[in-house]
Amino acid sequence: MDTPVVGALHLVVVTPEKAVLDQTAEAITLPMYDGELGVRPGRAALVGQLGPGELRFTAGGVTTRYFVDGGFAQVRANTVTVLTGSAKKAADIKAEDLTKENEKAAALPSTNGVERASRQRAQQRATAMTKVAAKVAGA
């Protein structure tokens, strides 16, 4: 097993369809279900649940943003592994994607507790995607 390079992180983002990212970074910020988590080299190991939101990382002084749709993250030996249902580069999110997500969430039924919870998760996803896209548009 290779010894991790001091001062560098290895970021891997995987969806059910493919590996989205496999890259070195200086710093990573994860959208945990209860707030953001910053990861720098030497961070203690952890496994945590992600919420829908912005995953961002800095590599070579440039910050890159992705929207991730929840999932799980593992930090171990300067390697951050993200398992998520979907990941999309923020710069690739289009206005029609946001409209579609909001319409999908609004169209979900909410006649019982399970349906209301599902609709709320869809609305949170649409809101988080909109916030991530807005950060890139405003940059």
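Our structure's up above, just so we're on the same page.
Now for a quick tour of the structure. These numbers were taken from a predicted model, which means no experiment stands behind them.

Inspection of the secondary structure puts Arg56 in strand E5 (residues 46-59). One polar contact links Arg56 to Glu54, side chain to side chain, over a distance of 2.7 Å. For Arg56, the residues in contact, after removing those within four places along its chain, are Ala27, Ile28, Thr29, Glu36, Thr63, Thr64 and Arg65.

What follows concerns the packing of helix H1 (residues 95-107) against helix H2 (residues 113-137). The interhelical angle for the contact between H1 and H2, taken along N-to-C directions, is 165°, at an axis separation of 8 Å. Judged on the interaxial angle alone, H2 and H1 are roughly antiparallel. Both H1 and H2 take part in a crossing whose hand is left-handed. Residues Leu98, Glu101, Asn102, Ala105 and Ala106 of H1 form the contact with H2, whose own contacting residues are Arg119, Ala122, Gln123, Arg125, Ala126, Met129, Thr130 and Ala133. A per-class count over the contact of H1 with H2 returns seven nonpolar, three polar and three charged.

Assignment of secondary structure puts Arg116 in helix H2. Given a relative accessible area of 46%, Arg116 falls into the partly exposed group. Distance from Arg116 to Leu83, taken between C-alpha atoms, is 26 Å for residues 33 residues apart in sequence. Residues contacting Arg116, with those up to four places away along its chain left out, are Pro109, Ser110 and Thr111.

Here Glu101 lies in helix H1. Among the residues examined, Glu101 registers a relative accessible area of 11% and is labelled buried. Discounting residues that sit within four places of it in the chain, Glu101 has contacts with Arg125, Ala126 and Met129.

With a phi close to 55°, Ala77 is a non-glycine residue in the positive phi region. Looking at the secondary structure, you find Ala77 in the loop between strand E6 (62-76) and strand E7 (79-83). Judged by relative accessible area, Ala77 falls into the partly exposed class, the value being 37%. Of note, Asn78 is a non-glycine position whose phi angle comes to about 65°, a positive value. Here Asn78 lies in the loop between E6 and E7. For Asn78, a relative accessible area of 12% gives the class buried.

What counts, and where the lines are drawn
- In this convention, every chain numbers its residues from 1, walking through the sequence in written order.
- Residue-level local features of this predicted model are given only where pLDDT is at least 70; pairs of side-chain atoms are given and counted only at 80 or more, and the full residue set underlies all totals for whole chains, interfaces and linings.
- Excluding hydrogens and water, the side-chain figures rest on all heavy atoms present in the structure.
- By definition, any uninterrupted DSSP run of H or I lasting at least four residues is a helix, any uninterrupted run of E lasting at least two residues is a strand, and each is numbered from the N terminus.
- Polar contacts here mean pairs of N or O atoms no more than 3.5 Å apart (in protein, one a potential hydrogen donor and the other a potential acceptor; neighbouring residues in sequence count only if both atoms are side-chain atoms).
- Here, two residues are considered to be in contact whenever any of their heavy atoms come within 4.5 Å of each other.
- Axes here refer to lines fitted to C-alpha atoms; in helices the fit is confined to the stretch in contact. Angles between the N-to-C directions go from 0 to 180 degrees.
- Convention used here: angles under 35 degrees read as roughly parallel, angles over 145 as roughly antiparallel, angles from 65 to 115 as roughly perpendicular, and any remaining angle as oblique.
- Crossing handedness follows the turn of the near helix against the far one: under a right angle anticlockwise gives a left-handed crossing, and clockwise gives a right-handed one.
- For this classification, the nonpolar set comprises Ala, Val, Leu, Ile, Met, Phe, Trp, Tyr, Cys and Pro, the charged set comprises Asp, Glu, Lys and Arg, and every other residue, Gly included, is treated as polar.
- Relative accessibility under 20% of the residue-type maximum defines a buried residue, over 50% an exposed one, and the middle range a partly exposed one, all with a 1.4 Å probe and only protein chains included.

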